[in-house]
Amino acid sequence: IQTGLNAADAAKSPDSLVGSLTGPAARVRAEEYTIAQAAGDDKFVHTFITTSQAGVAGLTADFPRTALVVTEPAAEGEPPYLLILTQDDARSSYQMWGWARLSGRSQVPTTSTTVVGSESVSADATGLVATPQEVLDAYLDALNNPTGENGTAFADDLLRQKIASDRSIDLGGMGTMTVTAAAGSDGFKGLRTNANGALVMTTVTFSSVYRNTVARSTINVTDPAIVKMLGDNASVVGTVTATYDAMVVFSIPSASEGGQSVVVGVDRTLSKAERDDSQAPTG
């Protein structure tokens, strides 16, 4: 996986990811290449290494199989990453399905060793304080309604901070700023922990919409990545929509243990930026 990732990163070529990355990992990496090439800056491509400090494979006779890896930090002061790997069949190599930067404030629960293996977890897995689907639904409600019951139940994280930052953008009374989060289309992959809880990864997408509401007013997008994706045209004539792709890892306690599900890792990237000048205000 690291060999394929290195070759693809050097060429900024999504085609070179085939066989090493799949699912949301391949899609997000391709999106990062697009931003890096538009901006002329490689900082938009996440840097991490696949050297493992801990890992476990799914305990199952069926395919696809899931494996989980916690990496060594890429450099001093950098966080480790949690990687989700998948194997389609017995004759296929494992590929990276997703990654997330682990939060230094969150404790990642322990899993079985690779020799023993851990049970795979699906969207409707039971024996937990909530199914992975229910946890995602609650988290999306927290993102969209931060002052609601779910909003106060989940701790702050990098994704919540980004969405809150976008919502707070001041358009000087000349427009509105709305941010809406939704579930991704990639499903869930995860494994049981030693305490019979679960570590589960899924995807979230969110859109930040800049809307001009005053005729003949001047509004500009200030995020340089969005501006580059718009061809260096920062003006908001009607609407500008920035869409983001995020990979999120939840730690879900077992039903017997109880407690609150938490986000232990997240990573996001700008997937596209679109303008619609036909939405310009009139009058």
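Residues numbered from 1 in each chain as written. Predicted model: local features only at pLDDT ≥ 70, side-chain atom pairs only at ≥ 80, totals over all residues. Heavy atoms only, no water.

> I'd love a proper account of unusual backbone geometry, names of residues and values included.
Not every positive phi belongs to a glycine, and Arg 216 is a case in point at roughly 65°. Structurally, Arg 216 can be placed in the loop between strand E8 (198–212) and helix H6 (224–229). Judged by its relative accessible area of 76%, Arg 216 is exposed. Despite not being glycine, Asp 232 shows a phi value in the positive range, around 65°. Tracing the sequence through the fold places Asp 232 in the loop between H6 and strand E9 (239–252). (Helix = DSSP H or I, 4+ residues; strand = E, 2+ residues; numbered from the N terminus. Buried < 20%, exposed > 50% of the residue type's maximum accessible area, 1.4 Å probe, protein only.)

> Requested: an account of the environment of Gly 77, with residues and values cited.
Considering the arrangement of structural elements, one finds Gly 77 in the loop between strand E2 (65–71) and strand E3 (81–87). Along the backbone, Gly 77 and Val 248 are 171 residues apart, and their C-alpha atoms lie at a distance of 22 Å.

> Run through the nonpolar core, naming residues and quoting values.
If you look at the biggest cluster of nonpolar residues, it comprises 45 residues, and the most contacted ones within it are Leu 159, Ile 226 and Phe 250. Mapped onto this core, the elements with two or more residues apiece are helix H3 (132–144), helix H5 (158–167), strand E6 (175–183), E8, H6, E9 and strand E10 (262–276). Once you skip the residues sitting within four places of it in the chain, Leu 159 turns out to touch Tyr 139, Leu 143, Val 204, Phe 206, Ala 246, Val 248, Val 266 and Arg 268. Ranked by size, the runner-up nonpolar core spans 31 residues in total, among them Tyr 33, Val 45, Leu 82 and Ile 84. (Core = buried A, V, L, I, M, F, W, Y, C linked by side-chain atoms within 4.5 Å. Contact = heavy atoms within 4.5 Å.)

> Which residues make up the pattern of salt bridges, and what are the values?
Scanning the model with the defined rule gives nine salt bridges in all. Asp 9 serves as the salt-bridge partner of Arg 29, at 2.8 Å between the closest nitrogen and oxygen. Within this pair, whereas Arg 29 is found in helix H2 (residues 23–39), its partner Asp 9 is found in helix H1 (residues 2–11), the two being separated by 20 residues in sequence. This pair shows no difference in class: Arg 29 is buried, exactly as Asp 9 is. Residues Lys 228 and Asp 232 are paired through a salt bridge, measuring 3.3 Å at the closest nitrogen-oxygen approach. Given a relative accessible area of 33%, Lys 228 falls into the partly exposed group. Taken together, the shared-partner salt bridges connect Asp 9, Arg 29 and Glu 32 into one network. (Salt bridge = Lys/Arg side-chain N within 4 Å of Asp/Glu carboxyl O.)

> Requested: an account of the packing of H3 against H5, with residues and values cited.
Remark: H3 packs on H5, axes separated minimally by 10 Å, with the N-to-C direction vectors making an angle of 30°. Between H3 and H5, the crossing angle belongs to the class labelled roughly parallel. Residues Tyr 139, Ala 142, Leu 143 and Asn 144 of H3 touch H5, and the partners they reach there are Leu 159, Arg 160, Ile 163 and Arg 167. Class assignment for the residues of the contact of H3 with H5 results in five nonpolar, one polar and two charged. (Axes fitted to C-alpha atoms, helices over the stretch in contact; angles between N-to-C directions. Parallel < 35°, antiparallel > 145°, perpendicular 65-115°, else oblique. Nonpolar A, V, L, I, M, F, W, Y, C, P; charged D, E, K, R; others polar.)

> Tell me about the side chain of Asp 166, and name the residues and values.
Its location among the elements puts Asp 166 in helix H5. The class of Asp 166 is buried, set by a relative accessible area of 4%. Within the structure, the side chain of Asp 166 is placed 2.6 Å from the side chain of Ser 208, a separation counted as a polar contact. Ignoring any residue separated from it by four or fewer positions in sequence, one finds Asp 166 in contact with Met 177, Val 179, Phe 206, Ser 208 and Tyr 244. (Polar contact = N/O pair within 3.5 Å; in protein donor to acceptor, adjacent residues only side chain to side chain.)

> Tell me about the pairing of E3, residues and numbers included.
Across the seven residues of E3, seven count as buried, placing the element largely inside the fold. Alternating positions in E3 separate into two faces, Tyr 81, Leu 83, Leu 85 and Gln 87 on one and Leu 82, Ile 84 and Thr 86 on the other, with burial throughout. Here E2 pairs with E3 via six bridges, running antiparallel. Looking across to E3, one finds that Leu 68 is bridged to Ile 84. Sheet topology note: the E3/strand E4 (residues 95–102) ladder contains six bridges and is antiparallel. Directly across from Leu 85, in E4, lies its bridge partner Met 96. (Pairing = 2+ DSSP bridges.)

> Give a description of the pairing of E8 that names residues and reports values.
The side chains of a regular strand alternate, residue by residue, between the two faces of the sheet. In terms of burial, E8 is a largely internal element, twelve of the 15 residues being buried. Pairing geometry for E6 and E8, over nine bridges, is antiparallel. The residue of E8 that forms the bridge with Val 179 is Ser 208. The pairing of strand E7 (residues 189–192) with E8 spans four bridges and is antiparallel. Note on E8: the bridge partner recorded for Leu 191 is Leu 199. Between E7 and E8, which pair antiparallel in sequence order, lie five residues; one of them, Asn 196, sits at a positive phi of approximately 70°.

> I'd love a proper account of the confidence of the model for the chain, names of residues and values included.
Within the chain, residue pLDDT values average 91, and 92% of them lie at 70 or more. Per-residue pLDDT, averaged within each element of the chain, yields its smallest value for strand E1 (residues 52–57) (67) and its largest for H3 (98). (pLDDT = per-residue confidence, 0-100.)

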